[in-house]
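A look at the structure
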Amino acid sequence: MGNDDQQHAMDVLSYWCAVELFSPQTWRDNQLIALSSSRNDEHRVSVAEQERLPWDGIHADLLIGPVDNERRSYTNLYNDLQSRKIYRLQTDMHARLTKPFSFAEDTENWLRAQAAKSGLDEQTITGLLRETNRLWLEVAKQPGPLPAGTELTDSMISRLLQVAGKLSATANRPGSACAVYRKDYDRRFARRPVHQAVKPDEDSEQQEGLGRQNRWLRHERFRIAVGLSQRVVTNALLKAAKLVRELSPAEETAQDEVLQELAHRQNRRAGGPSTVASLMEFCVGDDGCLAPRSLMLSQYAKAVSCLFNHEGWPDCPAGWPHIEVFDDTESKLKSEFNRLAGEDSEDQAGPVGRYEIESLVEHVVDRMGLDERAVSSSPLFARADGSPLIRDYVNCHLEASSESLNGEMMDSFFLEDLEDLYQNGPDIFSEPVRQYLSVGHPRRFNLQKDPEGHLVGDFTEPASMPFGRWPSASNQFQSTGQQLAINQIRAALEGYGSSSLLGVNGPPGTGKTTLLKDVVAEIIVARARGLAGFSSPQDIFTSRRVAREQPWTRTRTMSTGRLIRR
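All chains use their own residue numbering, which begins from 1 and follows the written sequence. Owing to the predicted nature of the model, reporting of local features is limited to residues with pLDDT of at least 70; listing and counting of side-chain atom pairs is limited to 80 or more, with chain, interface and lining totals taken over all residues. The side-chain figures draw on all heavy atoms in the structure; neither hydrogens nor water molecules are used.

1. Focus on the side chain of Asp-518
Going along the chain from the N terminus, every DSSP run of H or I of four or more residues is numbered as a helix, and every run of E of two or more is numbered as a strand. Inspection of the secondary structure assignment puts Asp-518 in helix 18 (residues 512-532). Burial classification: accessible surface area is computed with a 1.4 Å probe over protein chains only, and a residue below 20% of its type maximum counts as buried, one above 50% as exposed, and the rest as partly exposed. In this tally, Lys and Arg are treated as positive and Asp and Glu as negative; His is ignored, and so are the chain termini. In what follows, salt bridge is the name for a side-chain nitrogen of Lys or Arg lying within 4 Å of a carboxyl oxygen of Asp or Glu. The buried charged residue Asp-518 lacks any salt bridge partner; its closest oppositely charged side chain belongs to Arg-469, at an N-O distance of 4.7 Å. Every residue in contact with Asp-518, bar those within four places of it in the chain, is listed here: Gly-468, Arg-469, Trp-470, Gln-478 and Ile-486. Here, residues are in contact when the closest pair of their heavy atoms is within 4.5 Å.

2. Brief notes about the sheet that holds strand 5 (residues 194-197)
Each pair of strands is called paired provided DSSP finds at least two bridges between the two strands. Taken in spatial order, the four strands of this open sheet run 3-2-4-5, and their pairing is antiparallel. Looking at strand neighbours, the two that pair on one side only are strand 3 (87-91) and strand 5, the edges of this open sheet. Between one strand axis and the next, the sheet turns through 20° on average, direction left out of account. Here eight bridges tie strand 2 (residues 60-67) to strand 4 (residues 176-183), and the two strands are oriented antiparallel to one another. Across the sheet, the residue bridging to Asp-61 is Arg-182, located in strand 4. Each of strand 2, strand 3, strand 4 and strand 5 is contacted by helix 3 (residues 74-84), which is oriented at about 75° to strand 2, the strand it contacts most. Every angle, taken between N-to-C directions, lies between 0 and 180 degrees, and every axis is a line fitted to C-alpha atoms, over only the stretch in contact when it is a helix.

3. Observations regarding the packing of aromatic side chains
Centres within 6.5 Å are what make two rings of Phe, Tyr or Trp a pair, Trp counting through its six-membered ring; a difference in plane orientation under 30 degrees is then read as stacked, over 60 as edge-to-face, and the rest as tilted. Under the defined criterion, the tally for this structure stands at eleven aromatic pairs. When the ring of Tyr-87 is compared with that of Phe-101, the centres are 5.9 Å apart and the planes differ by 80°; the resulting orientation is edge-to-face. Here Tyr-87, found in strand 3, pairs with Phe-101, found in the loop between strand 3 and helix 4 (103-118); they are 14 residues apart in sequence, far enough to count as distant. Accessibility assignment for this pair places Tyr-87 and Phe-101 in one class, buried. Seen from their ring centres, Tyr-181 and Trp-216 are 5.6 Å apart, and the 85° between their planes marks the pair as edge-to-face. A residue pair is termed long-range when its members are at least 10 positions apart, and Tyr-181 in strand 4 and Trp-216 in the loop between helix 7 (204-209) and strand 6 (221-229) qualify at 35 residues. Overall, the relative accessible area of 5% leaves Trp-216 in the buried class. An aromatic cluster is built from Trp-55, Tyr-185, Phe-189 and Phe-222, whose rings are joined through pairwise contacts.

As structure tokens, this is what we get:
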């Protein structure tokens, strides 16, 4: 690798590292929670939205009774129980009754409603009432209705299911006893009510002895994202570029065109202007309590902090911010958050409100060096741009699943490898990487610079087509772009030997895996053609090579849209 090639390769790696660092995770929607009394015209955070947090005032409406078939959706089970229920209880998100519950009255009302249909006489009803009341008292520990505020435990649910099964069997009602609850969330955060079936463990009473009393109430989580202004960060990056090297008029024009194109793509993809990226995320349960181990700091925020807090401007070093300086800070912040959320504590943490969220944000921002005091001293900061931190509101949405603690932020999984290549230099480059990073990379072309389509025509002509094709319907063929990529992969591997490396980019769902299937089919056909060159099967195992070995090796696809051959 010559000096020019080496310098080009290192410049490309440095650029890729910077791109990976400064690629923000943007907010996917604008379900906002106002934190202050100010109104933001762009996002229209109204005063009415401040009056109630998403986790305030949620109820669990629990129905218990017989159903014909439990193998249905929770929504259908709940709807079925509306007319067949024996018991209906309503609790808050701490499993405390919001309305009194009278076991004896509900049981008697249901039995007498079934008497005419099932032929129950008065003696049978009286005996059932006496027996079920005794069973209920074993867990309720008090006669009479349960008052509002009583905690509904797992053993109570188990006993109600036991009683419901006994009553339905005696009344000749088919099916099995079932318990389903529904939670109605604010329509801004959940389009539909959340339904969940209750299946208490057999050892529920033993679990209550250990202090776990209301596992029946499964909690969903609201994911909160704190924002950074991408506009402010972009302006800072442009200032940094000018401090390092003054751009020529042609470079400035090209830069403006690129920025306009990126803004247009973002606007089209998001369905509107999207200028907010996530600084951090954390979860609040629908009981209003912080979810332990849910705090995540974005890689983008660390890079932005390094950008504003660099003390060497304008003599900044080449390369990219070293965000590992935040490793220790991030670890401490997560430990503090977990303690605040009540992890490893006997006392349950209380619900959080706007003040607690604001305090948490301010603490993290201060430790990250993104507060106004730290940022305003940077030569990249302009008061006209405003603060990079979004303080007036946070983003919020109900997570689809409460089983996973992973948020939507995902740091680059290429950065570590890219930095390793950059740190150790060309000496560790494999031959495919060496070729890929070289100035004269084989067959490198840009279709955007070919508006007349000459390149597309050349690379998709019949002579370039592979011999193999994945078995599929004749009317389901590859698009022009897919076929071009397949032809190029085939031509590159045949022309450059086993050291060639190619990349195919594309958003999810654009046909990369479908493309790969045709590549695999061509591999099989190419090997078959090679084997067909032997006059007899025994010749395959001789040392004489009558056909050149095909240089196909393993491929793997990644969800990011990259197809990499290695």
